[in-house]
Structure formats: C-alpha cells, structure tokens
Amino acid sequence: MHAPVEFADIAADVLARIRRRAPRVHCITNSVAQQYTANMLLAAGAVPSMTISPEEIDAFVAGADALLINLGTFDIERKSAIEVALGVAAERGMPWLLDPVFIERSPARARFAHELVSRRPAVVRLNQAEFAAISNDEAADAPARFARAHATVVALTGKVDVVDDGGRRMTIANGDPLMALVTAMGCAGSALICAALAVEADAWLATIAALAAFGVAGEVAAAEARGPGSFSIAVVDALHGLDRTTLRARMKAS
Amino acid sequence: MHAPVEFADIAADVLARIRRRAPRVHCITNSVAQQYTANMLLAAGAVPSMTISPEEIDAFVAGADALLINLGTFDIERKSAIEVALGVAAERGMPWLLDPVFIERSPARARFAHELVSRRPAVVRLNQAEFAAISNDEAADAPARFARAHATVVALTGKVDVVDDGGRRMTIANGDPLMALVTAMGCAGSALICAALAVEADAWLATIAALAAFGVAGEVAAAEARGPGSFSIAVVDALHGLDRTTLRARMKAS
Amino acid sequence: MHAPVEFADIAADVLARIRRRAPRVHCITNSVAQQYTANMLLAAGAVPSMTISPEEIDAFVAGADALLINLGTFDIERKSAIEVALGVAAERGMPWLLDPVFIERSPARARFAHELVSRRPAVVRLNQAEFAAISNDEAADAPARFARAHATVVALTGKVDVVDDGGRRMTIANGDPLMALVTAMGCAGSALICAALAVEADAWLATIAALAAFGVAGEVAAAEARGPGSFSIAVVDALHGLDRTTLRARMKAS
C-alpha cells in the first residue's frame, strides 16, 4: 500500500519548490474559509491573496501563479469576480482549480459549476456527493470518464482520495477522520493543490503531491490533538514542518 | 446549586442525539463569527451551512433542521436572506433562533430585531444590554413577561444564564470569564442552541441543554488554557469530548 | 539596543490603560482579518466592532474611541462605509489609522489610499512595499518626509519597525519571523495601535507602545510555538498576559 518511494519524493520536491519559489495563489473563496485557507497557504510557503473587488481582481490575478475558484459563497459579487479572474487566467495560461462546494444542495450552484467545468480547470476537487451532482455518473470509472470528457484532473476526496486524469489514476489513503470536523479543511486542501499547480506543470502529479502532503500533515496533527480545535491548529503546524522523511514513511498511495 | 441530576442527563441526551442525528443548521450570521460557529457546530456533531445568496438560500434552509438568525452583520444582502429563510422556516415549522447582537448600539438594528421577534422565534438569545434594548423592561420578571408576550423562550446570557419560557425558569451558573474574551463565543453558543432545537422539541429544555453543555465545555477548557487564544481552541475540543459524567459533575442549574 | 526603561514603561502604561478603560475600536477591515483582529483586541482589553452596514456604521463609529481603516477588502460597500466613518471621526476628533494593505498590487487601491492620506489619519501603518507604492520615495528619510507632508505618524513595519512623526523617530527590533506566516497578523497589529490611540493622545508614543507590545508578545509566543498555527494562538495568549517586567526585559528600541 505504500507508494513507490518516488511518489513520496515527488511530493517532497513539490513542497520544496513551493517553499523556495513562494508562488502567489489568488483565492476566490467563501468567507468561512478565507482565514484558514490563507494560513494554510502561508504555512506551506505560498502567498495568498483573496480580493474579489471588481476594480482590482484583474490586477491581483495577473500577478498570481495559480487561481482557486471555490463556490462555497455563491453571491453576485463572487460570480462577477470569477468571470474576470477566469478571463485573466485563460489569457495567461494560468492553472486554476474548481472546488464546487455543496453543489448537491443547490441547483443554482450546480448549474454554475457545470458552466465552469467547460472552461478548462486544471483540477476539479470535490467529494462524493458533489461529484455525483456534477457527473450524474455512479460507475467505478466515472472519475476517469469525467476527466477525459473535460480534459481535467478529477480529485475525488474522502476516506481515500482518487486522483484521475483520464489516463492515470492514483489513490491516496492518508488523512484522519478529524479532518471532516474542521470547517474549510477541504477548501484549504484545494488551495494547497493550487500552490502545487504553480510549481509543477503536470497537474496530476501536483494534485497527488498536495493531497499526500495534506493527508500526512493531518495524520501528524491527529497524533497530538485533543479534539477538532487543537487539530485544526496542529495541521497548520504539521504542514509547515513536513519533511521528506515523514512523507516517505507515511504516504500511502497506489 | 447543582441541578437535579435529571437536567444534566437531559443535556447529555440532547448532545447524544445531536451526535447521532447530525442535524443541519443553517446559519445567517456575521462574517466575524462564521468560522468559529461552523467549527463549534461540527465539534458538537451538527452540520453547518452558511450561504446567504438569494439564488440558493431557500434550498439550503429547506434542507436544514434548524435556523440561526444572527444580526451581527446587518447588511442588505443578509436582510433579504433572512426574509427568504424565515419564509421557508415558517412553511416547514422549522425552529429558529434570533441572536440580536449589539442592538443596543444601533437603532436600525434594534428596529429590525423588533420585527423579527414578532415572527415567532423558538428562542431569543441575548445579553443584558441587548435585552434592555429590545424589552424596555428592567423588572426582575421581564424575561418571563417578554417570553409570554412573544410566545418564545428567552435565553438571557451572562455570568449566570436565565432561560425562561414564560412559565418555567431556570438559571445556569456554568461558564468562565474567558468566554467574554473570544469573539463570536456567544454567536457560537446560539448556534449550539439551534443544533439542540433540531433534536429536542421542547425549546426550553433544548436551550438549557445547549447552554449547560457550552458552559461546562468552557470550564473544562479554562482549566488548561493559557489565555484567550488557547481557550478559544480548547472550548471546541472540550465540547467535542464532553460526556455525561462531566455534565453531571459540573452542571450548576437551579 | 535596549530602550531606555522609560519607553518600556510607557508601553506598559498604555497597555494598562487599555485594560482599564476598555476602549471601543471600530474596525473597517477585510473579511480575512476580522476574526483574528477582534480576538487580538479582546485579548488586549479593548472592545471591537466590525459592522460596515450603511444604516448603522455612523452609530457604531460615534460610540467608538478609535477607528481602523484597513484596505484589505476593497469593495463598494466598504468604500461607502469608510466615507461615512471618516466623516463621523472628523466631527468628533477621533483618532484613526490607515492600513493600506497590498496597495502595491492594485492601482485602484493605491489611488484610494492616496485620497485617504489627505484626510489626516493619526497613523499610517504599512510595510516597505506598501510604503514605496504610496510615497514614491526611497530615501532613508522618506518616512520623516511623508509624516511631515501629511501631518501623520508613519509606522513602517518589517524586521525592524520604524515609527516616525516627522520630528521624532524610533526603531523597534522586536517580533519574530513567524509573524509573517500568519494571515492578518499585520492587520491585528494595526488594530492594537488603534486601541493605544484611544488611550494615549501622543500618536507617536501610542504607536511605539502598541508595536513594542505586539512584537514582544510575538517573541514570547515563538518560544513555545511548534509552527505558525500554534504561534497564531500563542500570540493572543501572550498579549493578554503581557506584563511590565517582560516589556522591560525584552523591548528593543532605539
């Protein structure tokens, strides 16, 4: 079940590049997640920005290395911001990730997510319920089909994460149940994938590296946490201190 | 001063039901409080959602089991969201709680709170200054009168919490002074009452259960905190780990 | 390098006054920073409020003792709120601080910051990149010139903080590199300066006191932190517990 050492090394290499290059990640994300997402990016070595103001979103995105589109707050201002941001990203060939939070609960949000998928996100990260709502496909190879149809990488997260680009598939079995008890944990994981996309051109590898680092940080944090509060803080510490040895010892991918 | 064991047991039962049923609580709350509130609900075993978008608020509220209306951010978008949300809640007989934050500082906010009280909240949770602003009544039995007049439960929180439904009154003397030094602590307590309302039809009992659990969690957290920062985290841990034995040993109600 | 004991005592006195008087600080700040800023103010002994609603911003500012204007979220609603808030502050002679976050990344934000500087902030707090964008002046005495030209105090923060009112200059060499890895840390520092402005009429002294207390709290926190997550929490604890002896032992100003 342990990944070939090479994948743990790829994850360590990607983390090292994030720390060295300090890529800028512009995040259009929900107000619940902003603070935790920014702190996770800073802990990883990246530089977050969060504005959605129509007067300046273009300047911020133009200066960024990757873009996060999270639908957790679905308001008019954010929709306009997304429109502008995706225009700038397309112009510059900047990688972006779609995190269609809670689309299974809102038809309006699901429709908007569908439109966005057609605009070539490098990665779509979502959980099972969200994937069911966006794909209408319950087959075992649904992620591969969806990835091929939309020329993207599907990162289907849960107890085991599946990363599929339509041709290659990897499962990652790291993480801890406490991760589900901290708000914005998944949103922060998506932001970490964005930081990886900024320093690794192969979006499939970047996603694997980020999710493995995130899951391993969760395991390290769980070992010392006394509940979801201290866990939420310990994950940030663990990601900041994560090293190659720990990744090699703990990464479980296949 | 210790409550008859039955009240501690009721609190433990309500917590157990929240953990087992994982009720959805939709929160229209201020941007300062969103993250802490969501983490407190998750720690208790409930599932928070926070959107205020006009396109989807109805779908989110329709799928919820209880509704929180917190006036801490009083903007146009939230006012429209509240209007829609209360319509859905009324239709479905869903319990909702009003938390009229800081109404003593703003006449506009106080007027709006007055209107909302007439729409049958299951509970109104507020502190002394807020209660004075909404009731214009300083008599000792003002909470009972207010509760009767508006067919609601008044949860008047402070050093000692008073829970009065116009016929029954209970005071709860749990908690810790550090709770006043953490932003959104009261807002998170209101959200916890909502989670209790979702699993306990007697709103007076639900409120007592939630406030007792919250206060006891605060005491447990204070025992290990080194200041308001570590305390804010420890409360989340303590609520998550709270058990019947601790509630029986610590709950002080009369 | 240690400050004459008198400056450490001034910082301790200012902190003591904040704790005793509990000044109200109204914060128009970005959504990423709201929670951390509020918790830092509460830890210091001040009382934060955060509304930007057009219906009530005037009432909140009128009841405040100092005002924070942070440009980290630059939207239409906040711009209107700033307009109203500055009117009330001017009428009442209330001190206010401008924190022109990230103006080097956005021409629109930079233009707005320029306008605000002409409206007599008591203090402008910014980092090197932000100062370069607002002053177009790279000379060693640029802060002094800027302070004189705009009749304000410049608080130029970084590894070493410079506080210059055009006539007096002090450098403060406290703090810890972890402070740069926590989102909203600078914003929270600006809020702390506002709390100091509310209790100390000499804005230069107030700024020195707040930045020294903040930096020393950072050092105390770093000694026990395991990474940026636990550090962010420990700073709040440390500020809350900060005493005269620690300030005397650690404050490095010259």
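Residues numbered from 1 in each chain as written. Chains lettered and ligands numbered in written order. Predicted model: local features only at pLDDT ≥ 70, side-chain atom pairs only at ≥ 80, totals over all residues.

Caption draft 1: Examining the pairing of strand S6 (residues 153-157) of chain B more closely. All names here are of chain B. Counting buried positions along S6 gives five out of five residues, so the element sits mostly inside the fold. Looking at chain direction, strand S5 (residues 123-127) and S6 are connected through five bridges and run parallel. Bridging from a neighbouring strand, arginine 125 pairs with alanine 155 of S6. Where S6 meets strand S7 (residues 161-164), three bridges bridge the pair, whose relative direction is antiparallel. Looking across to S7, one finds that leucine 156 is bridged to valine 162. Hairpin geometry of S6 and S7 is characterised by an intervening segment of three residues between the two adjacent antiparallel strands. (Buried ≥ 20, exposed ≤ 12 C-beta atoms within 10 Å, placed from the backbone. Helix = DSSP H or I, 4+ residues; strand = E, 2+ residues; numbered from the N terminus. Pairing = 2+ DSSP bridges.)

Caption draft 2: Fine view of the relation of the copies chain A and chain C. Note on the copies: chain A fits chain C at an RMSD of 0.0 Å, the axial shift is 0.0 Å, and the rotation between them is 120°. Put plainly, the chains are arranged around a three-fold axis. Minimal C-alpha separation from the rotation axis in chain A is found for Ser31(A), amounting to 3.9 Å. An asymmetric contact is evident, with only 12% of the interface residues of chain A recurring at the interface of chain C. (Least-squares fit on C-alpha atoms with pLDDT ≥ 70 in both. Contact = placed C-beta atoms within 7 Å.)

Caption draft 3: The arrangement of helix H4 (residues 76-92) of chain A in detail. Residue and element names in this part refer to chain A. Taking 1.5 Å of rise per residue, the 17 residues of H4 would be expected to cover 24 Å, and the 25 Å separating its terminal C-alpha atoms lies within 8% of that figure. Within H4, the full set of buried residues consists of Arg78, Ala81, Ile82, Ala85, Leu86, Val88 and Ala89. For H4, the buried positions fall inside an angular range of 165° around the axis, keeping them on one side. Turned more than 90 degrees off the buried face of H4, the exposed positions are Ile76, Glu83, Ala90 and Glu91. Tucked into the core, H4 has its buried residues touching strand S1 (24-28), helix H3 (57-62), strand S3 (66-70) and strand S4 (96-99). Among the residues trailing H4, glycine 93 stands out with phi positive, at a value near 60°. (Expected span 1.5 Å × (residues − 1). Arc of directions from axis to C-beta.)

Caption draft 4: Local environment of the relation of the copies chain B and chain A. When chain B is fitted to chain A, the residual RMSD is 0.0 Å, and the transformation amounts to a turn of 120° plus an axial shift of 0.0 Å. The residues that chain B uses at the interface reappear at the interface of chain A in only 12% of cases, marking distinct surfaces.

Caption draft 5: Representation of the interface of chain B and chain A in the model. Taken together, the 25 residues of chain B in the interface contact 24 residues of chain A. Residue assignment for the side of chain B that touches chain A shows that the elements contributing at least two residues are helix H2 (34-44), strand S2 (47-49), helix H3 (57-62) and helix H10 (228-241) of chain B. A total of seven residues in the side of chain B that touches chain A trace back to one element, the largest contributor, which is H10(B).

Caption draft 6: The arrangement of the interface of chain A and chain C in detail. Between chain A and chain C, the residue contacts involve 25 residues of the former and 24 residues of the latter. Only helix H2 (34-44), strand S2 (47-49), H3 and helix H10 (228-241) of chain A provide two or more residues apiece to the side of chain A that touches chain C. Take the side of chain A that touches chain C: its biggest share by element is seven residues, from H10(A). Looking at the side of chain A that touches chain C residue by residue, the class counts come to 11 nonpolar, 10 polar and four charged. (Nonpolar A, V, L, I, M, F, W, Y, C, P; charged D, E, K, R; others polar.)

Caption draft 7: Expanded view of the sheet that holds strand S3 (residues 66-70) of chain C. Residues and elements named next belong to chain C. Judged by pairing direction, the sheet is mixed, and its eight strands sit side by side in the order S2-S1-S3-S4-S5-S6-S7-S8 without closing on themselves. One side of each edge strand has no neighbouring strand; the edge strands of this open sheet are strand S2 (47-49) and strand S8 (169-172). On average, each strand axis in the sheet is inclined to that of its neighbour by 20°, with strand direction left out of account. (Axes fitted to C-alpha atoms, helices over the stretch in contact; angles between N-to-C directions.)

Caption draft 8: Inspection of the packing of H10(A) against H2(B) at higher detail. Two elements in contact, H10(A) and H2(B), have axes whose closest approach is 10 Å; the angle formed by their N-to-C orientations is 125°. One finds that H10(A) runs oblique with respect to H2(B). Together, Pro228(A), Gly229(A) and Ser232(A) of H10(A) and Asn39(B), Leu42(B) and Ala43(B) of H2(B) make up the contact between the two elements. Class assignment for the residues of the contact of H10(A) with H2(B) results in three nonpolar, three polar and no charged. (Parallel < 35°, antiparallel > 145°, perpendicular 65-115°, else oblique.)

Caption draft 9: Expanded view of the nonpolar core. Among the nonpolar cores identified, the biggest contains 318 residues, and Ala213(A), Ala213(B) and Ala213(C) are the most heavily contacted of them. Leave out the neighbours within four places in its chain, and Ala213(B) touches Ala11(B), Leu15(B), Leu192(B), Leu239(B), Leu242(B) and Leu247(B). (Core = buried A, V, L, I, M, F, W, Y, C linked by C-beta atoms within 7 Å.)

Caption draft 10: The sheet that holds strand S3 (residues 66-70) of chain B, seen in detail. Residues and elements named next belong to chain B. Spatially, S2-S1-S3-S4-S5-S6-S7-S8 is the arrangement adopted by the eight strands of the open sheet, whose pairing is mixed. Taken across any chain shown, the strands that pair with only one partner, and hence form the sheet edges, are S2 and strand S8 (169-172). Within the sheet, the average angular offset between the axes of one strand and its neighbour, ignoring direction, is 20°. As judged from the four bridges shared by strand S1 (residues 24-28) and S3, these two strands associate in the parallel manner. From the neighbouring strand, isoleucine 28 faces S3, where its bridge partner is isoleucine 69.

Caption draft 11: Spatial organisation of unusual backbone geometry. The backbone of Arg120(B) shows a phi angle near 65°, a positive value even though the residue is not glycine. Tracing the backbone shows Arg120(B) in the loop between helix H5 (107-117) and S5. You can call Arg120(B) partly exposed: it has 15 C-beta atoms within 10 Å. In this structure, Asn136(C) takes a positive phi of about 50° despite not being glycine. Along the polypeptide, Asn136(C) turns up in the loop between helix H6 (128-135) and helix H7 (142-150).

Caption draft 12: Quick peek at the environment of Leu247(B). Residues and elements named next belong to chain B. Locating leucine 247 in the fold gives a position in helix H11 (residues 244-250). C-beta crowding within 10 Å serves as the criterion here: with 25 such atoms nearby, leucine 247 is assigned to the buried category. In this structure, the C-alpha to C-alpha distance between leucine 247 and isoleucine 10, residues 237 residues apart in sequence, is 9.8 Å. When sequence neighbours within four positions are dropped, the list of residues in contact with leucine 247 reads Ala8, Ala11, Ala12, Ala212, Ala213, Val216 and Leu242.

Coordinates in, geometry out; function isn't part of it.
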